[in-house]
Amino acid sequence: ADTGAAPIANNSEGFIFGKIMKGAKAWSPETPYLYRAEVTIYGNGFPLHRVSKKFGFRTVELRQRDGIYVNGVKMKFKGVNRHCFRPETGRTLSQKQSIEDVLLIKEMNMNAVRTAHYPPDTHFLDACDSLGLFVMDELAGWHGHYDTPTGKKLLEEMIAQDGNHPSVILWANGNEGGHNRQLDKLIEDFDMQDRPVLHPWENFN
């Protein structure tokens, strides 16, 4: 629904705008409700740049020694690891292939996917958003973990790119190759939603 223009305030790090949406529906795999935000920058009365993004409303909470709650409901995850790969096209995937993968996972009565071992194409997360699939988005490494300067740069880029997808409910720091614990706090700093951070193959969160 079109909610009209909202006032924008300028601060030292960019622009912030806020608008109360009454009666917003919560996103979940069973009801993947999405909304669209469109931002246009004008200069001298003319549009200079326009960005349109879909997003959803949902909450994510980690309750230690209990579980993960989405929209106040305890979740049981059934899922798989997914590499961005097809025999016909290698590492280059299309939007159609992303949709096929999400539908295949859901057809297997699963509700979650881990992006092993790197952030996926944006069109894969778009498919997870619209079709309803939980995502663990992963920053891994290669036969080890990233050092802190490299990991910080990649984390900042990953969270900036993927952070508004409602399907992304968990961040994974590292894989079986190891984890750089100095990056855990940085994920918390970059992610305005404070989503839980996991260390795959390790008893952490």
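Residues numbered from 1 in each chain as written. Predicted model: local features only at pLDDT ≥ 70, side-chain atom pairs only at ≥ 80, totals over all residues. Heavy atoms only, no water.

1. Observations regarding the packing of aromatic side chains
Here is step 1: Enumeration over the complete set of coordinates arrives at five aromatic pairs.
Here is step 2: Each ring, one from Trp27 and one from Phe134, has its centre 6.0 Å from the other, and the planes form 65°; the classification is edge-to-face. Taken together, the residues Trp27 in the loop between strand E2 (14–17) and strand E3 (35–43) and Phe134 in strand E10 (residues 134–139) connect sequence positions 107 residues apart. The same class applies to Trp27 and to Phe134, which are both buried.
Here is step 3: Ring geometry for Phe77 versus Phe134: centroids 5.5 Å apart, planes at 80°, classification edge-to-face. With a gap of 57 residues between them, Phe77 in the loop between strand E7 (73–74) and strand E8 (79–81) and Phe134 in strand E10 connect regions that are remote in the sequence.
Here is step 4: We classify Phe134 as buried; its relative accessible area is 1%.
Here is step 5: Of the aromatic side chains, those joined through ring pairs into one cluster are Trp27, Phe77 and Phe134.
Here is step 6: Taking NZ or CZ as reference, Arg63 lies 3.6 Å from the ring centre of Tyr69, over its face. (Phe/Tyr/Trp six-rings, centres within 6.5 Å; stacked < 30°, edge-to-face > 60°. Helix = DSSP H or I, 4+ residues; strand = E, 2+ residues; numbered from the N terminus. Buried < 20%, exposed > 50% of the residue type's maximum accessible area, 1.4 Å probe, protein only. Lys NZ or Arg CZ within 6 Å of the ring centre and 35° of its normal.)

2. With respect to the sheet that holds strand E5 (residues 60–63)
Here is step 1: Strand order in the open sheet made by the three strands is E5-E6-E7, with antiparallel pairing throughout. Two strands in the sheet have a free side with no partner beyond their single neighbour: E5 and E7.
Here is step 2: Taken together, the two bridges between strand E6 (residues 67–70) and E7 define a ladder with antiparallel strand orientation. Bridging across to E7, Val70 finds its partner in Val73. (Pairing = 2+ DSSP bridges.)

3. Thoughts on the environment of Arg91
Here is step 1: Secondary-structure assignment places Arg91 in the loop between E8 and helix H1 (95–107).
Here is step 2: At 3.0 Å, the side chain of Arg91 forms a polar contact with the side chain of Tyr118. (Polar contact = N/O pair within 3.5 Å; in protein donor to acceptor, adjacent residues only side chain to side chain.)

4. Quick notes on the environment of Ser28
Here is step 1: Its location among the elements puts Ser28 in the loop between E2 and E3.
Here is step 2: With a relative accessible area of 13%, Ser28 lands in the buried category.
Here is step 3: Here the alpha-carbon distance between Ser28 and Pro166, two residues 138 residues apart in the chain, equals 8.3 Å.
Here is step 4: At a separation of 2.9 Å, a polar atom in the side chain of Ser28 contacts the side chain of Thr31.

5. A few points about the nonpolar core
Here is step 1: Ranked by size, the top nonpolar core spans 19 residues in total, and within it Val113, Cys128, Leu155 and Trp171 carry the most contacts.
Here is step 2: Where this core is concerned, the elements lending two or more residues are H1, helix H2 (122–131), E10, helix H3 (148–162), strand E11 (168–173) and helix H4 (182–190).
Here is step 3: A per-element tally of this core places H2 first, with four residues.
Here is step 4: One finds Trp27, Ile68, Ala172 and Leu198 within the second-largest nonpolar core, a separate group that totals eleven residues. (Core = buried A, V, L, I, M, F, W, Y, C linked by side-chain atoms within 4.5 Å.)

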